[in-house]
Amino acid sequence: MSRYCERCGKAAKACICQWIENVDARTELWILQHPSEVKQPLGTARILTLSLPNARLWVGEDFSKHDEINTLLSDPARHAAVLYPGEGAASLSQWAAECSPQQRTTLILLDGTWKKAYKIWQLSANLQALPCVRLEAALAGNYRIRKSPKASGLSTVEAAYEALSQIEGESNKFQPLLNTFDRMIDFQISQMPPGVYERHYGKS
């Protein structure tokens, strides 16, 4: 018997499949994952690909010559942007309002630490040709057992929740994404020896 769940890729005892709920998003979500995130036990991109029928995931650092992605981006019926707070990034609401009814809205997320996400962005010329968009506000994440160098740092699933909620104006619809995330984190905390969470992650 495998030690890992074939569906979610997590260790069998930490399987998240029981908490996954299907969420029907109108927005197409692409996740470009840095290779260092593939084996992360606390990675959240899998929550998105299991919950959202319109979500797709590719692994790599330089997507400049990625044939499938470039073919999809060449479709004039696709209104695509990268969620990346670069200089001149537009607000999500502003970008979404520019999408015509005939176009497919596609949001691209970079899955990795800030340093790794920047590397993907820096190497991938095809992404730099797309508009950058940002969340409406700097929100505090709830990634209680994986520290971010930024106080407002969000996990990939939290960023997706905020972005989809802002684009589609229906935060309640996307709440199951956060519910699964919170249950995953709660389970991991419950597996820690007494005092470990408080010592390493608890707030003073």
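Figured I'd write up the structure that's included with this text. (Residues numbered from 1 in each chain as written. Predicted model: local features only at pLDDT ≥ 70, side-chain atom pairs only at ≥ 80, totals over all residues. Heavy atoms only, no water.)

**Brief notes about the overall build of the protein**
Spelled out, the test is: Helical segments are the DSSP runs of H or I of at least four residues, strand segments are the runs of E of at least two, and each set is numbered from the N terminus. To sort residues, take the accessible area from a 1.4 Å probe on protein chains only and compare it with the maximum for the residue type: under 20% means buried, over 50% means exposed, and anything in between is partly exposed. Note on contacts: a residue pair qualifies if any of its non-hydrogen atoms lie within 4.5 Å across the two residues. Shrake-Rupley sampling with a 1.4 Å probe provides the accessible areas, and residues are treated as covered by the protein chains on show and by no other component.
When helices and strands are tallied, the protein shows eight helices and six strands. When the helices and strands of the protein are listed from N to C terminus, the series reads β-α-β-α-β-β-α-β-α-α-β-α-α-α. Counting all 204 residues of the protein, 46% fall into the buried class. Sequence-distant contacts in the protein: of pairs separated by 6 or more residues, those separated by 24 or more amount to 74%. When the accessible surface of the protein is split by element, carbon and sulfur atoms take 49% of a total near 11000 Å².

**Considering the environment of tryptophan 30**
Within the element layout of this structure, tryptophan 30 appears in strand S1 (residues 28-33). By relative accessible area, tryptophan 30 is classed as buried at 1%. Through-space distance from the C-alpha of tryptophan 30 to that of asparagine 54 is 8.3 Å; in sequence the pair is 24 residues apart. Other than its neighbours up to four places away in sequence, tryptophan 30 contacts Arg56, Trp58, Ile69, Leu72, Leu73, Arg78, Thr106, Leu107, Ile108 and Leu109.

**Things to note about helix H4 (residues 114-123)**
Which entries qualify depends on this criterion: Comment: arc refers to directions from the helix axis out to C-beta atoms.
Among all positions of H4, only Ala117, Ile120 and Trp121 are buried. Down the axis, H4 shows its buried residues gathered within 95° of arc, on one side only.

**What about the nonpolar core?**
The condition is simple: In plain words, nonpolar cores are sets of buried Ala, Val, Leu, Ile, Met, Phe, Trp, Tyr and Cys residues tied together by side-chain atoms within 4.5 Å.
Leu52, Leu83, Leu92 and Leu107 are the most contacted members of the largest nonpolar core, which has 41 residues in total. Going through the elements one at a time, S1, helix H1 (45-51), strand S3 (78-83), helix H3 (92-97), strand S5 (104-111), helix H6 (156-168) and helix H7 (175-190) are the ones with two or more residues in this core. Among residues more than four places away in sequence, those in contact with leucine 107 are Thr27, Glu28, Leu29, Trp30, Ala81, Leu83, Leu92, Trp95, Val133, Ala163 and Ile167. Ranked by size, the runner-up nonpolar core spans 17 residues in total, among them Tyr84, Ile120, Leu127 and Cys132.

**A closer look at the sheet that holds strand S4 (residues 90-91)**
Which entries qualify depends on this criterion: For two strands to count as paired, DSSP must find a minimum of two bridges between them. Note on geometry: axes are lines fitted to C-alpha atoms, helical ones only across the stretch in contact, with angles between N-to-C directions running from 0 to 180 degrees.
What the six strands build is an open sheet, ordered S2-S1-S5-S3-S6-S4; its pairing is parallel. Lying at the two open borders of the sheet, with one neighbouring strand each, are strand S2 (55-59) and S4. Strand direction decides the pairing type here: S3 and S5, joined by five bridges, are parallel. Along S5, the bridge assignment pairs arginine 78 with arginine 104. On the sheet, H4 packs against S1, S3, S5 and strand S6 (132-134) and is oriented at approximately 125° with respect to S5. On top of the sheet, H6 reaches S1, S3 and S5; it is set at about 160° to S5, its chief contact.

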